[in-house]
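Structural features, examined
Residues per chain are reported as follows:
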There are 2 protein chains.
Amino acid sequence: MPVISSKGKAMPESPIRKLAPFAEKALKEGKHIFHLNIGQPDIKTPVEALNAVRDHKLDVLAYSHSAGFESFRKKLAGYYAKHDITISSDDILVTTGGSEALIFTMGSITDPGDEIIVPEPFYANYYSFSTQSTVKVVPVISQIDNGFALPPIKDFEKLITSKTKAILICNPGNPTGYLYSKEEIKQLADLAIKYDLFLISDEVYREFVYDDSEHYSILQESILDEHAIVVDSVSKRYSMCGARIGCMVSKNKSVMETAMKFAQARLSPPTFAQIASEAALEAPESYYTETVAKYKIRRDTLVEGLRQIPGIKVAIPNGAFYCIAELPIKDADHFTKWLLDEFHVNNETVMLAPAAGFYSSPNEGLNQVRIAYVLNRRDLKKAINILKLALAKYTDQESFSTVKEKVTL
Amino acid sequence: MPVISSKGKAMPESPIRKLAPFAEKALKEGKHIFHLNIGQPDIKTPVEALNAVRDHKLDVLAYSHSAGFESFRKKLAGYYAKHDITISSDDILVTTGGSEALIFTMGSITDPGDEIIVPEPFYANYYSFSTQSTVKVVPVISQIDNGFALPPIKDFEKLITSKTKAILICNPGNPTGYLYSKEEIKQLADLAIKYDLFLISDEVYREFVYDDSEHYSILQESILDEHAIVVDSVSKRYSMCGARIGCMVSKNKSVMETAMKFAQARLSPPTFAQIASEAALEAPESYYTETVAKYKIRRDTLVEGLRQIPGIKVAIPNGAFYCIAELPIKDADHFTKWLLDEFHVNNETVMLAPAAGFYSSPNEGLNQVRIAYVLNRRDLKKAINILKLALAKYTDQESFSTVKEKVTL
């Protein structure tokens, strides 16, 4: 029997989805599960997007241009201009989700064995895409105690080798919810220039910032014209995860010409989804403000609720719709399975994402979980209450006592 | 300035699309171009597919399962059963186009430096995807004189090394139009078993077979259960190139579990396109028969027309909607540009795909072009006439005389 590849073996299972069998069993037992584990928003997709697809006039569903509809790319340039980002439509390549933008980016700038430095914890699929490209992710650990702020620049410098091709950040961060300050972006920009590295920023949560914070893009740093590559997506912005439309943005012509060759190989991004995504740009300003207002209330509800639970440590997220919480347990993976398998409150339970999957360093984040606040406020309160009761009942006493010492609220 | 990757540099430009600037110039000059160069059919997409999208009831465009809708995969298993291919829905992974099915296949079975043997000429993007995976394509040359039939098995055997992981065929073939016989598939099956190699078959043109020929799938060979991987797509079958839906099919559980990890990393295939693709399976039998009947007429028109042109050699294609023609010129690339740039008949010209882009061996196929018969019969006749007049006028005499000797009709 022929064997599969080493990199195929090394590909991680999705930490978010690998618990699915436990969830399926719970559902079969008649339990209701509050999903705090996935980034699938419950927010409605803009009607402009949904109706544009309903009203399509196609009789042949043809390939589009490999770079995406020209009309869409031009409107995207207008969208970026509203965010004080000055680019032309030629600096944009429409991709099949932010996922493909990352794959094209890695393919365009790295060869097997090259290294990319990523603040940890990070979006788990960065690790998958780098494994797929046989590129090494080099983690630089950020800390829950300062809310997962940018690690000191000297920590990055220690990790830079001749193999280092790029630094990759997610801003605001999945899974941390941390929003990098303008000052932090400038520090990273200086670092990228100093060592002539690419700076890749995943900015798919650009709009999701709270408390009058402002998002600062690497594309606003003019010194980075040749170094900055932004990965973007409509998935979260418009609650259109199923569209699978994103884009890659860079003013570096060599990078974009190279990415275009990857784009030509896969022919084109999906046509219906481009129709929807182009129309979504017509959504009124109120769509964004109302969505963000909803998430702010949810975030406040979540953080306030978690702080009522003894032994939990949580950093207030300033962006995206996730936070990392440290629980008074030893093994979040075991706890998550236990929640699905053995626990319920009136036949209701919660599903969490164990945070170890967001770390590539071994033994990091074992007692942490990622919580996505994609539920309405009422459900969120219920879910937090279930979590509270669960932690009171969870009898892995050894875990509890071992870890308790290092937990401070 | 940071540099792009070696593999990014090695990625080929699309041989089909790289002539686009010449075509754009011709259009600006007011010329009409008959496109014989691309595989975008003019056939209408089934109304069942287009209407299913018009009638969608979504208010949140959510992720689907990473393997695709379960309902779609079940119906796909039914579709394969009609083609005497017995598989379960668990053997199917829905992908973003046949392209992604190829990428997942290569990722699951090859590591950098591994080799895949491919009969040449081959679909140009096989080379792109292997370059992207830093895998080496090892070509085994097939010949226009026998219609690009399967090269002798001993030619394959000569090329097998410890690095060889798979043999990849396209059946029926793009760009050759060749349909492998059951006997040839059995020879390949024996070879795959003998050397314990994967046999990958791109069967996206399964329905497009003419003259009472029958398509024989590698999935019909029971000895290949652990070795066969099929790449499929709705693009050509339903004239839905813009959907970007395909699938990967294999009974090898390790392969499918590995591919599933790649699928989880990119989250899901596009939702609207899955709705369309699932509904396309409801198209009546007449959709297929009428489409194939149209292509048969076009093929006959094309071959008959080409045979009227002095110095052209063409193999009758038994499948797909392409053929390779050898022209009485030296450099098909130059001729193609000349057609767009300098030639016209009453302001009309044709665009061809130079075949060198379908060969990885240097200096092969330089005087060949791929012709896609995706035009209606009237336009096809016009296009052939333009080609005839162009060849009579084309004055690259040196080219002509150099090559003429080896051309026999």
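Conventions and cut-offs
- All residue numbers refer to positions counted from 1 along the written sequence of the respective chain.
- Lettering of chains starts at A and numbering of ligands starts at 1, both following the order in which they are written.
- At least 70 in pLDDT is required for a residue's local features to be given in this predicted model, at least 80 for side-chain atom pairs to be given and counted, and no such filter applies to totals for whole chains, interfaces and linings, which use all residues.
- For side-chain calculations, the full set of non-hydrogen atoms in the structure is used, while hydrogens and water are omitted.
- Think of a salt bridge as a Lys or Arg side-chain nitrogen and an Asp or Glu carboxyl oxygen that are within 4 Å of each other.
- Counting from the N terminus, the helices are the DSSP runs of H or I reaching at least four residues and the strands are the DSSP runs of E reaching at least two.
- For every domain, the bounds stem from an assignment made automatically or drawn from a database.
- Contacts are assigned to residue pairs that have any heavy atoms within 4.5 Å of one another.
- By convention, the term buried area covers the 1.4 Å-probe accessible surface removed from two parts as they join, with the contributions of both added.
- Polar contacts here mean pairs of N or O atoms no more than 3.5 Å apart (in protein, one a potential hydrogen donor and the other a potential acceptor; neighbouring residues in sequence count only if both atoms are side-chain atoms).
- Throughout, the protein atoms alone are placed on a 1 Å grid, and a set of points is a cavity if a 1.4 Å probe fits but cannot get out or a pocket if it is open with protein on both sides within 12 Å along at least five of seven lines; lining residues have an atom within 4 Å of a point.
- Grid points are joined across faces, edges and corners, and a volume is the space filled by probe spheres set on the points.
- Polar here means any residue outside two lists: the nonpolar Ala, Val, Leu, Ile, Met, Phe, Trp, Tyr, Cys and Pro, and the charged Asp, Glu, Lys and Arg; Gly therefore counts as polar.
- Residue types Ala, Val, Leu, Ile, Met, Phe, Trp, Tyr and Cys, when buried and joined through side-chain atoms within 4.5 Å, form a set referred to as a nonpolar core.
- The rule is simple: take the accessible area with a 1.4 Å probe, protein chains only, and divide by the maximum for that residue type; under 20% is buried, over 50% is exposed, in between is partly exposed.
- Pairs were defined over the aromatic rings of Phe, Tyr and Trp, the Trp ring being its six-membered one, requiring ring centres within 6.5 Å. Orientation was assigned from the angle between planes: stacked under 30 degrees, edge-to-face over 60, tilted for the rest.
- Whether a charge sits over a ring depends on NZ of Lys or CZ of Arg being within 6 Å of the ring centre and within 35 degrees of the ring normal.
- Should DSSP find at least two bridges between two strands, the strands are taken to pair.
- Structural elements are reduced to axes, namely lines fitted to C-alpha atoms, with helices fitted over the stretch in contact, and the angle between N-to-C directions of any two is expressed from 0 to 180 degrees.
- Orientation labels follow simple angle bins: below 35 degrees gives roughly parallel, above 145 gives roughly antiparallel, 65 to 115 gives roughly perpendicular, and whatever is left gives oblique.
- The convention is simple: Lys and Arg are positive, Asp and Glu are negative, and His and the chain ends are not counted.

**A look at the pattern of salt bridges**
Any two side chains of opposite charge can pair, given that their charged atoms come close. A full pass over the atoms with the stated rule returns 58 salt bridges over all chains. Between Asp341 of chain A and Lys25 of chain A there is a salt bridge; the shortest N-O distance is 2.6 Å. In this pair, Asp341 of chain A is assigned in helix α12 (residues 332-341) and Lys25 of chain A in helix α2 (residues 20-28), connecting sequence segments 316 residues apart. In this structure, the salt-bridge partner of Lys165 of chain B is Asp114 of chain B, at a minimum N-O distance of 2.8 Å. Taken as a pair, Lys165 of chain B in strand β5 (residues 164-170) and Asp114 of chain B in the loop between α5 (97-109) and β3 (115-120) lie far apart in primary sequence, 51 residues in all.

**Considerations on the domain arrangement of chain A**
All names here are of chain A. With domains assigned, chain A is organised as domain 1 (6-44 + 286-404) and domain 2 (47-280). Between the C-alpha centres of domain 1 and domain 2 the distance comes to 26 Å. In this complex, domain 1 contributes 37 residues to the contact, which on the side of domain 2 involves 37 residues. Across the domain 1 to domain 2 interface the summed buried area is about 3200 Å²; carbon plus sulfur atoms make up 62%. When the buried surface of domain 1 facing domain 2 is broken down by residue, Tyr288, Asn318 and Phe358 rank first, second and third, together holding 18% of it. Connecting domain 1 to domain 2 are three salt bridges. Connecting domain 1 to domain 2 are 17 residue pairs in polar contact (both at pLDDT 80 or more).

**Quick notes on empty space enclosed by the protein**
Applying the stated rule across the entire model yields nine cavities of 30 Å³ or more. Taken as a whole, the largest cavity spans an internal volume of roughly 210 Å³. Taken together, 18 residues line the largest cavity, and the ones lying closest to its centre are Glu100 and Ile103 of chain A together with Thr96, Glu100 and Ile103 of chain B. Secondary structure elements with two or more residues in the lining of the largest cavity: α5 (97-109) of chain A together with α5 of chain B. Looking at the lining of the largest cavity residue by residue, the classes come out as four nonpolar, eight polar and six charged. Its boundaries defined by the atoms lining it, the second largest cavity holds a volume of some 160 Å³. Lining the second largest cavity are 14 residues, and of these Gln132 and Ser133 of chain A together with Ile103, Gln132 and Ser133 of chain B sit closest to its centre.

**With respect to the nonpolar core**
Among the nonpolar cores identified, the biggest contains 212 residues, and Leu306, Phe335 and Leu352 of chain A together with Leu306 and Phe335 of chain B are the most heavily contacted of them. Not counting the four nearest positions on each side in its chain, Phe335 of chain B is found in contact with Leu327, Ile329, Leu352, Leu387, Ala390, Leu391 and Tyr394 of chain B. In terms of nonpolar packing, the next biggest core, distinct from the first, is built from 71 residues, Ile229, Cys241 and Ala265 of chain A together with Ala67 of chain B among them.

**Details of the packing of aromatic side chains**
Under the counting rule described, the total for this entry stands at 40 aromatic pairs over all chains. Ring centres of Tyr205 of chain B and Phe321 of chain B lie 5.3 Å apart, and the angle between their planes is 90 degrees; on these two criteria the pair is classed as edge-to-face. With Tyr205 of chain B in the loop between β6 (198-202) and β7 (228-233) and Phe321 of chain B in the loop between β9 (313-314) and β10 (322-326), this residue pair connects regions lying 116 residues apart in the sequence. Their ring planes at 45 degrees and their centres at 5.1 Å tell us that Phe321 of chain B and Tyr322 of chain B sit as a pair that is tilted. The exposure classification of Phe321 of chain B matches that of Tyr322 of chain B, with both residues buried. Three or more aromatic residues joined by ring pairs form one cluster here, namely Tyr205, Phe208, Tyr295, Phe321, Tyr322 and Tyr373 of chain A. Over the face of the ring belonging to Tyr295 of chain A we find Arg298 of chain A, whose NZ or CZ atom lies 5.2 Å from the ring centre.

**Here's the deal with the sheet that holds strand β8 (residues 246-249) of chain B**
Residues and elements named next belong to chain B. If you walk across this open sheet you meet the seven strands as β2-β8-β7-β6-β5-β3-β4, and the pairing is mixed. The strands lining the two open edges of the sheet, one partner per strand, are β2 (92-95) and β4 (136-141). Between one strand and the next, the sheet's axes are offset by a mean angle of 25 degrees, whatever the strand orientation. As paired elements, β6 and β7 share four bridges and run parallel to each other. Counted as the bridge partner of Ile200 is Ile229 from β7. Of the strands in this sheet, β2, β7 and β8 touch helix α4 (residues 70-82), which is tilted by about 115 degrees from β2.

**Looking at the packing of helix α12 (residues 332-341) of chain B against helix α13 (residues 377-393) of chain B**
All names here are of chain B. Closest axis-to-axis distance for the α12/α13 pair is 11 Å, and the angle between their directions is 110 degrees. Regarding the angle of α12 to α13, the classification is roughly perpendicular. Across from Phe335, Trp338 and Leu339 in α12, the residues of α13 making contact are Leu387, Ala390, Leu391 and Lys393. Of the residues that constitute the contact of α12 with α13, the class distribution is six nonpolar, no polar and one charged.

**Quick notes on unusual backbone geometry**
Put simply, Asn174 of chain A and Pro175 of chain A share a cis peptide bond, and its omega is 15 degrees. Within the secondary structure, Pro175 of chain A is located in the loop between β5 (164-170) and α8 (182-195). Put simply, Asn171 of chain B and Pro172 of chain B share a cis peptide bond, and its omega is -10 degrees. Phi is positive for Asp211 of chain A, close to 60 degrees, though the residue is something other than glycine. As for its placement among the helices and strands, Asp211 of chain A is situated in the loop between β6 (198-202) and β7 (228-233). The exposure class of Asp211 of chain A is partly exposed, given its relative accessible area of 39%. For Asn346 of chain A, which is not glycine, the phi torsion reads 50 degrees and is therefore positive.

**Describing the interface of chain A and chain B**
The interface of chain A with chain B comprises 79 residues on the first partner and 79 residues on the second. Approximately 6400 Å² of surface area, both sides summed, lies buried where chain A meets chain B, with 58% of it carried by carbon and sulfur atoms. Remark: the boundary between chain A and chain B carries two salt bridges. Residue Asp59 of chain A pairs with Lys44 of chain B through a salt bridge whose shortest N-O separation is 3.9 Å.

**Concerning the side chain of Lys236 of chain A**
With respect to the helices and strands, Lys236 of chain A occurs in the loop between β7 and β8 (246-249). Here Lys236 of chain A is buried and forms no salt bridge, its nearest opposite-charge partner Asp202 of chain A lying at an N-O distance of 9.4 Å. Side-chain polar atoms of Lys236 of chain A contact the side chain of Tyr63 of chain B, separated by 3.3 Å. Every residue in contact with Lys236 of chain A, bar those within four places of it in the chain, is listed here: Gly39, Val204, Tyr205, Phe208, Cys241, Phe321 and Tyr322 of chain A together with Tyr63 of chain B.

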